[in-house]
Amino acid sequence: MLSVALRTLRTRWVTFVGSFVALSLGVALIAVMGLALASSLDAPERQPERFGAAPVVVQGEDTLSVPTPIGDRTQKLEQPNPVPAKTVAALKELGTVTEDRSFPVRAEGAPGDLVGHPWSTAAFAPYKLNDGRAPEADGEVVVSGDWAAVGQKLRTASGAVTVVGTVGGLGFEDAVFYTDARAAQLAPVSTQLVVDADASAVRTAVDGSGVEVLTGTDRRLADADPDRDSEALTAMNAMFGTAGGVSGFVSVFVVASTFAFAVAQRRREFGLLRTAGATPGQIRRMVFAEALLVGVLASAAGCVLGAYAAPYLAEWVVDGGLAPKWFEIGDFTWPYHMAFWTGLLVALCGVVAASWRAGKTGPTQALREASVDSRTMTWGRWLFGAGLLVTAAVTLVLALVTDPGDLLHRKTYVSRPMLLITAIALLSPVLVRPLTRLIAWLPAQLPGAGGMLVRENAAAGVRRTAAIAAPVLVTVALAGSLLGATATLNEAKATETREQTAADFVVSPSGEGFGAAAVERLRQVPGAEVSVTSSSAVYVLEEGVALIRSDARAAEAKALADTVRLPVTAGRVTDLDDDSIIVNEEWEKHSVGDRVSVWLGDGTKKSLRIAAVMSIGTGDNGVYVTPANAPRAPVDRVDVKIADGADAAAVASALATAVKGDGGEVLTKDQWVSASYPETNETTRLGFLLVLGIALLYTGISLANTLVMATSDRVRDLAVLRLAGATTWQVLRLVAWEALMVVVVGGVLGLLVAGLNLFGMWSALGLLSVWTSIEIPWAAIGSAVGACAVLAVVSAVAPAGLSMRRRAVELAGMRE
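Residues numbered from 1 in each chain as written. Predicted model: local features only at pLDDT ≥ 70, side-chain atom pairs only at ≥ 80, totals over all residues. Heavy atoms only, no water.

**Describing the overall build of the chain**
Next, step 1: The secondary structure content of the chain amounts to 24 helices and 23 strands.
Next, step 2: For the chain, the residues scored as buried account for 49% of the 816 residues in total.
Next, step 3: Residue pairs in contact within the chain that sit at least 24 positions apart in sequence constitute 79% of those at least 6 positions apart.
Next, step 4: Total accessible area computed for the chain in this model is approximately 36,300 Å², and 59% of it derives from carbon and sulfur atoms. (Helix = DSSP H or I, 4+ residues; strand = E, 2+ residues; numbered from the N terminus. Buried < 20%, exposed > 50% of the residue type's maximum accessible area, 1.4 Å probe, protein only. Contact = heavy atoms within 4.5 Å. Areas by Shrake-Rupley, 256 points an atom, 1.4 Å probe, with all protein chains shown as cover.)

Pasting the structure below:
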């Protein structure tokens, strides 16, 4: 059987080239994913950035630690605590103490992520003056990088300043340095400081005060976002993991589809082998041997391709900001083993059903001439297709009943389409015939026989139509499900914002928040009813072992009730006071009147009564507390409702004047909703584009391979058409229309899968009290179908045109 398989591969190489390319690409991606994962696990320890030259950094308490029966649970505090005054005094006796401050700065023509610091901290990076001098007055600054020059005037939210010096950029931030006094005015709270003293003496001095002493590489913990490297690597690995999973799924799909179609085409060949004495087991072993040979060759080629592509992909993720700048591919062997054996397993799994069908071929099949497919649905296909469809339906219903919020998570709406795609693909022969007759009904009514022939050929060749439509189904289903899910979820969040905003205007700061003076000026605006809210967080221990962080907003109860429509399901917003909290239904305790023990944003523990309960929504409904329970929380939103009889234009003008010096922006309700419309995370977006690119590439391979196989198998049919009087161009048009119609069939089935997935998400949102529209990415789906259509027409017409270069009489007399 091995020698027969070798001869089969040599003579029928066109049949297997699509499986070879698809499998090798899948193995290459798995190898790249493994190499990226191995390289990220072997990542170098990150060095300090802002405090690389600092002797000792002392950091105020910024972590909440809660003991549980299974160990301490920790969370980063939303409002880190400053170093206690007594501790600062003790440290000053050891050496020079320099307080650090960081705050956002917005200036015209400046980088968007500009951050301000005191000039005295510049030496700890270290920054060195390239030009000019240090700042000496409140209106003077030094900037990093080359975006501003000495003498340039900058208009910032806190007033105009003059650049008196520049320092070279160090790559990790765009900084502007003020005098220490001015920085203290702009950021009154300092949560960390540098001590020029012996580390052991510093630890002795701060013992028992709850602060942390950082030396060596631990000084990186004082940098802004010290975990960004690990978070970036985690996101990158999740992206590659998703891409690898989709690649494996589509590889099996393409390989199984190709082998199934090849077996259906070769039924007369298998019948002849059976007539010659071959047993069913020998036929199956031959098909397995073919898959084994293709799998070994494709897996080896994929490993070579992965080794070549991995460094280029590493450069791409670094340039795109998805990985740290130091990230590169290391020298590892286990990813190649994983990729090779996975590829081989995929090939063998993909041929299981095809080999079983091949073994059932009877000797009489050698005499068969009919082109109409029969028994396209075996009992196994019915069983697995119906089983997967029922499984998808049952799991959806269970999720809607038990935890509808789970359907909104990325891991869920990425994995669920795979189940439906497989189910619909298995059941596609049942759907293809009525669907083709429906789609081709109108063309069949037109004058001429072309439309009728397209309909009947597609309906008669069910296996061929299903095999060609399957890759289109995968691409359209993935594009509609993944992009549609994120678009629907974003629209749902925007709907929540729109429905919950009852204010006429929303005033937002340009930086971290409004100061007390700016808030007071807003309150004094005639005709304006003002609700001031601040960003904070609370922490709760649920089930005795899980320390959960919830976003919190601090507001006065009456003003909040007047300007915000909270989705309250129990209790009243106006009952909120300093001894209570408004929670959502996701909390373990969510009954009005119950008391819950929480930790506030600065780590203070309190027992608060539940005043009201909100619906869960899309997950953005956090909790509400009063300003007394949100210490040092910055005021980052001011909702304004116009009083009866007040002039809206006059109020808007007065509000803009009140925050002009603070860089605040006054937006109408519609402008606020538009400005706060959620956007898909960049990593998620690029990950989806990678997944869809893989799916489209596989679709192209499978379409081209299957159509070339199908067209070469129909040479005699096309010759008969020519002998019946059809011209060469008429035959080619017929082939092209057939290819287009099959692509439409695959597109409709893909839309069916996408629609079912998005309907599940829409239902979950409805159960979470968010009624929004289903967002279908028509542009992306149209582009995918258009690309498939062009490729299908070329792949069908080209071999048909080449075959018809011979005389029709010669082609009609050909035998397999």
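Next, the rest of the story.
**Thoughts on the confidence of the model for the chain**
Next, step 1: Looking at the chain as a whole, the pLDDT averages 82, with 84% of positions reaching at least 70.
Next, step 2: Here residues 369–373 scores under 50 on pLDDT; set against residues more than four positions off or in separate chains, the count is 13 contacts. (pLDDT = per-residue confidence, 0-100.)

**A short note on the sheet that holds strand 12 (residues 192–195)**
Next, step 1: Read from one edge of the open sheet, four strands run 4-12-1-13, paired in antiparallel fashion. The sheet is open, and its two edges are formed by strand 4 (97–100) and strand 13 (212–214), each paired on a single side. Here the average twist between neighbouring strands, direction ignored, is 25°.
Next, step 2: Pairing of strand 1 (residues 56–59) with strand 13, which is carried by three bridges, proceeds in the antiparallel orientation. By the bridge assignment for strand 13, Val57 is matched with Leu214.
Next, step 3: Of the strands in this sheet, strand 1, strand 4 and strand 12 are in contact with helix 3 (residues 85–92), which crosses strand 12 at around 15°. (Pairing = 2+ DSSP bridges. Axes fitted to C-alpha atoms, helices over the stretch in contact; angles between N-to-C directions.)

**Brief notes about the packing of aromatic side chains**
Next, step 1: Taken as a whole, this structure holds eight aromatic pairs when the rule is applied.
Next, step 2: With a centroid separation of 6.4 Å and 50° between ring planes, the pair formed by Tyr127 and Phe172 is classed as tilted. With Tyr127 in the loop between strand 6 (114–118) and strand 7 (129–132) and Phe172 in the loop between strand 10 (159–167) and strand 11 (174–178), this pair connects stretches of sequence that are 45 residues apart.
Next, step 3: For Tyr127, a relative accessible area of 7% translates into the label buried.
Next, step 4: Overall, Phe172 belongs to the partly exposed group, its relative accessible area being 22%. (Phe/Tyr/Trp six-rings, centres within 6.5 Å; stacked < 30°, edge-to-face > 60°.)

**Brief notes about the nonpolar core**
Next, step 1: Met236, Phe240, Val317, Phe327 and Leu478 are the most contacted members of the largest nonpolar core, which has 81 residues in total.
Next, step 2: Of the residues forming this core, the biggest block, 14 residues, is contributed by helix 15 (residues 462–500).
Next, step 3: Excluding anything up to four places from it in sequence, Leu478 contacts Val246, Met418, Ile421, Leu483, Leu692 and Ala695.
Next, step 4: Judged by nonpolar contacts, the second largest core, of 19 residues, contains Val507, Val519, Val530 and Val635. (Core = buried A, V, L, I, M, F, W, Y, C linked by side-chain atoms within 4.5 Å.)

**Thoughts on the side chain of Thr495**
Next, step 1: Mapped onto the elements, Thr495 comes out in helix 15.
Next, step 2: Apart from the residues lying within four places of it in its own chain, the contact partners of Thr495 are Trp771 and Thr772.

**Observations regarding the pattern of salt bridges**
Next, step 1: Counted according to the given criterion, the structure contains 13 salt bridges.
Next, step 2: In this structure, the salt-bridge partner of Asp636 is Arg553, at a minimum N-O distance of 2.6 Å. Placement of the pair is Asp636 in strand 22 (residues 635–642) and Arg553 in strand 16 (residues 546–554), with a sequence separation of 83 residues.
Next, step 3: Taking the relative accessible area as the measure of exposure, Asp636 reaches 22% and is therefore partly exposed.
Next, step 4: The closest approach of N and O atoms between Arg572 and Asp575, which form a salt bridge, is 3.1 Å.
Next, step 5: Looking at Arg572, the relative accessible area reads 52%, which means it is exposed.
Next, step 6: One salt-bridge network, in which partners are shared between bridges, spans Glu78, Arg549 and Asp551. (Salt bridge = Lys/Arg side-chain N within 4 Å of Asp/Glu carboxyl O.)

**Topic: a nonpolar patch on the surface**
Next, step 1: Judged by side-chain polarity, Trp382, Val430, Leu431, Leu752 and Leu756 come together as a nonpolar surface patch covering roughly 390 Å² of accessible area.
Next, step 2: Elements supplying a minimum of two residues to the nonpolar patch: helix 12 (410–439) and helix 22 (728–767).
Next, step 3: One can find Leu752 in helix 22. (Patch = residues over 30% accessible without salt bridge, like charges linked within 9 Å, V, L, I, M, F, W, Y side chains within 5 Å.)

**Some thoughts on helix 3**
Next, step 1: Where helix 3 is concerned, the buried positions are Thr87, Val88 and Leu91. In a view along the axis of helix 3, the buried residues occupy a sector of 100°, so they form one face of it. Turned more than 90 degrees off the buried face of helix 3, the exposed positions are Ala85, Lys86 and Lys92.
Next, step 2: Elements that come into contact with the buried residues of helix 3 comprise strand 1, strand 4, strand 12 and helix 5 (199–206). (Arc of directions from axis to C-beta.)

**Looking at the environment of Leu305**
Next, step 1: If you trace the backbone, Leu305 turns up in helix 8 (residues 280–319).
Next, step 2: Of the residues examined, Leu305 reaches a relative accessible area of 34% and is grouped as partly exposed.
Next, step 3: For the pair Leu305 and Leu29, spaced 276 residues apart in the sequence, the C-alpha separation amounts to 8.8 Å.
Next, step 4: Among all residues touching Leu305, those that are not within four sequence positions of it are Leu25 and Ala28.

**Here's the deal with helix 16 (residues 516–523)**
Next, step 1: Those residues of helix 16 that sit buried are Ala518, Val519 and Leu522. Projected down its long axis, helix 16 carries its buried residues within an arc of 100°, all on one side.
Next, step 2: Where the residues of helix 16 are buried, they touch strand 15 (528–542), strand 22 and helix 18 (648–658).

**As for unusual backbone geometry**
Next, step 1: Geometrically, the link from Ala125 to Pro126 is a cis peptide bond, its omega value of 0° lying close to zero.
Next, step 2: A positive phi angle is found at Glu543, which is not glycine, with a value near 55°.
Next, step 3: Of note, Glu543 is situated in the loop between strand 15 and strand 16.
Next, step 4: Relative accessible area serves as the criterion here: at 67%, Glu543 is assigned to the exposed category.
Next, step 5: Residues other than glycine seldom take positive phi values, yet Ser769 does so here, at roughly 70°.
Next, step 6: Relative to the helices and strands, Ser769 resides in the loop between helix 22 and helix 23 (778–803).
Next, step 7: Residue Ser769 is classed as partly exposed on the basis of its relative accessible area of 42%.

**Here we look at the packing of helix 12 against helix 22**
Next, step 1: Packing of helix 12 against helix 22 leaves a shortest axis separation of 8 Å and a crossing angle of 135°. As judged from the angle between their axes, helix 12 and helix 22 are oblique. Helix-helix and strand crossings are classified by hand; for helix 12 and helix 22 the assignment is right-handed. Contacts between helix 12 and helix 22 involve Tyr413, Arg416, Pro417, Leu420, Ile421, Ile424, Ser428, Leu431, Val432, Leu435, Thr436 and Ile439 on the former and, on the latter, Met741, Val744, Val745, Val748, Leu749, Leu752, Val753, Leu756, Asn757 and Met761.
Next, step 2: Tallied by class, residues from the contact of helix 12 with helix 22 come to 18 nonpolar, three polar and one charged. (Parallel < 35°, antiparallel > 145°, perpendicular 65-115°, else oblique. Left-handed = near helix turned anticlockwise from the far one by under 90°. Nonpolar A, V, L, I, M, F, W, Y, C, P; charged D, E, K, R; others polar.)

**Some thoughts on the environment of Thr333**
Next, step 1: Position of Thr333 relative to the elements: it lies in the loop between helix 8 and helix 9 (334–350).
Next, step 2: For the pair Thr333 and Leu35, spaced 298 residues apart in sequence, the C-alpha to C-alpha distance is 8.5 Å.

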